[in-house]
Structures are given as structure tokens and as C-alpha cells.
Amino acid sequence: MTGILFGDGKRNKIKLFDLDSLTINIKSFKIPNLINKIAYKYFRKSKARRSYEYATNLLEKGIGTPQPIAFFENYSWLGLKESYYASEHLQTELTFRELVEIPDYPDHSTILRQFTRFSFNLHEKGIEFLDHSPGNTLIKKVSEKQYEFFLVDLNRMNFHAQMDVNMRMKNLSRLTPKKEMIEIMSDEYAKLYNKSFKEVFDIMWYYTCEFQEKYHRKRRLKAKYFFWK
């Protein structure tokens, strides 16, 4: 497949293609192992199909994501071989990761509060974005002090009738380890959720610390494994 490689391509490859005045983003998912080859053929939807269907669902619910175009699956007699997801490629100023890594980024607090409102709206609509992590929200400046948010990497998502406070706060736990950012997010979320700042902060900070502990433990174990290998 030709096209311009976008990103490092370590796990899944993303390539960009120009089509008239539109830039198309085509994601090629990693070839699944033997068990998943069979599972994706007979028991589960492929990541490409889920990405397309979830993107369509998000747009129907008024949640920002790049416009889905198509998905493609290639099967052998054994199971799924390759799968691809095509969507419109958005040019945006930043992702949430820049807010974490650049604390003096212009409009930092404004963007963070608007992102929190975006996440609250997501939760109010029962959407649990399981990969709600720093690189998976694109942020676009649309006016002097106004920003729009777009979710990417959509193949892991749950939809609920409603989400309780623990589910909501846990869903935000992967975004940043910085306490000062959690404080701003908690303040904004509490206003929207009609709960106290302390209640929202305590639960959000608890799940953030829990995630960071698991993340760093996993990295230490991986480092030990490669050291002794």
C-alpha cells in the first residue's frame, strides 16, 4: 500500500492519501495472532469494523471524531488476515498529550476545562471510551478561546444507559499523572455533575494513582524481564 506514513507505525500503520481536496487516513491493523484470527472471523467484530461502527455512533450522538469512510477485511480459510479503517484526516493544533507535557501551553487551563466538559458530555451519553488516553483526543482551535475535540483510536468502547461516578472518574484516570491538572478537571466536572469538588477530586485522584501504580509496575517488570532475558 502506498501513501505517506503517519506516526511511527510500531503497532498499527497509518498512511495518508490525497483524494481531490480531501486527505484520507487509512489505518492498517496489526495482523492478529492465531486465536484472534479465528475469533474475528466467527465470534467478534474486527477492530476495523468496530472503529467504523463506533465512529458512526459517536457522530450520531454529537461527539467529535474524524468522519468515517469505510472499513475493509481480508479473510483466509483460517480467519482474519488484514483489516483496514479509512477516515478523513484532520489537521489539528494539538492532542491532550501536549497539555500534559507543556504546562505553559497557551490557554492551558481554558482547553483543559473545555476538554472536561467534552468528557462530561461523553459520560452523560453513556459512552465509555476505553482508550481515553493522552494521544487519543485531537484538539482543534476554532476561535479565539474556543476549542473542539475529536476522539481517535476507537476500537475499544462501551455504551451504557448511564454511568455512575466511579465509572466516570476511572475513565479519566489514564489522561495525566499531574495533580494540578486533576484539580482543574475535578473543579470543572464537579460544577457540571452537581457534586462537591472534594468528592470528584478524591475519586478521580484515587483512580489516577491506581492507574499510575499499575503502569509503572508493569514497566518495572518488563525492564526486569529484558534484563534477565
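Given the structure is predicted, the values throughout are model-derived calculations rather than measurements. Residue positions are given per chain, counting from 1 as you read along its sequence in written order. Two thresholds apply to this predicted model, a pLDDT of at least 70 for residue-level local features and 80 or more for giving and counting side-chain atom pairs, whereas whole-chain, interface and lining totals are computed over all residues. Neither water nor hydrogens contribute to the side-chain values; these are computed over all heavy atoms in the structure.

K.L.:
Sorry, what's going on with the sheet that holds strand β2 (residues 13-19) here?
P.N.:
Strands in a sheet are paired, the pairing made by backbone hydrogen bonds, and the direction either parallel or antiparallel. Paired strands, in this sense, are two strands between which DSSP finds at least two bridges. Working definition: helices are DSSP H or I runs of at least four residues, strands are E runs of at least two. Numbering for both runs from the N terminus. Taken in spatial order, the five strands line up as β1-β2-β3-β5-β4 in an open sheet, and their pairing is antiparallel. This sheet does not close on itself; its edge strands, each paired only once, are β1 (4-6) and β4 (68-75). When the angles between neighbouring strand axes are averaged without regard to direction, this sheet yields 25 degrees. In the sheet, β4 pairs with strand β5 (residues 80-88) via seven bridges, with the strands oriented antiparallel. Within β5, the residue paired with Ala-70 across the bridge is Ala-86. Helix axes are fitted to C-alpha atoms over the stretch in contact, other axes to C-alpha atoms as well, and angles between N-to-C directions run from 0 to 180 degrees.

K.L.:
Help me understand unusual backbone geometry in this model?
P.N.:
Glycine aside, the phi torsion of most residues is negative, and most peptide linkages are trans. Positive phi values are uncommon outside glycine, yet Asp-153 reaches one of about 60 degrees. By the secondary structure assignment, Asp-153 is in the loop between β9 (146-151) and β10 (157-159). Residue classification places Asp-153 among the partly exposed positions, given a relative accessible area of 27%. Here the phi dihedral of Asn-194 falls at roughly 60 degrees; this positive angle occurs in a residue that is not glycine. Inspection of the secondary structure assignment puts Asn-194 in the loop between α6 (179-193) and α7 (197-228). Buried means the residue's accessible area, taken with a 1.4 Å probe over protein chains only, is under 20% of the maximum for its type, while exposed means over 50%, and partly exposed covers the values in between.

K.L.:
Quick question: what am I supposed to make of the packing of aromatic side chains here?
P.N.:
Two descriptors summarise a pair of aromatic rings, namely the distance from one centre to the other and the angle between the planes of the rings. To pair, rings of Phe, Tyr and Trp, with the six-membered ring standing in for Trp, must have centres within 6.5 Å; the planes then decide the type, stacked if under 30 degrees apart, edge-to-face if over 60, and tilted in the middle. According to the stated counting rule, one finds 15 aromatic pairs in the structure shown. Seen from their ring centres, Phe-120 and Tyr-189 are 5.2 Å apart, and the 80 degrees between their planes marks the pair as edge-to-face. A residue pair is termed long-range when its members are at least 10 positions apart, and Phe-120 in helix α4 (residues 108-124) and Tyr-189 in helix α6 qualify at 69 residues. Ring geometry for Phe-201 versus Trp-205: centroids 6.2 Å apart, planes at 10 degrees, classification stacked. Taken together, the residues span about one helical turn, with Phe-201 and Trp-205 both in helix α7 at a distance of four residues. Residue class for Phe-201 comes out buried when judged on its relative accessible area of 11%. For Trp-205, a relative accessible area of 22% translates into the label partly exposed. One residue, Lys-195, lies across the ring of Tyr-193, its end atom 5.2 Å from the ring centre. Each ring is checked for a lysine NZ or an arginine CZ that lies within 6 Å of its centre and within 35 degrees of its normal; such an atom marks a charge sitting over the ring.

K.L.:
Any chance you could explain the pairing of β5 here in plain terms?
P.N.:
Both faces of the sheet carry side chains from a regular strand, because those side chains alternate between them. Where strand β3 (residues 22-28) and β5 come together, five bridges link them in antiparallel fashion. Across the sheet, Ile-24 pairs through a bridge with Glu-88, a residue of β5. Remark: four residues form the turn of the hairpin made by β4 and β5, two consecutive strands paired antiparallel.

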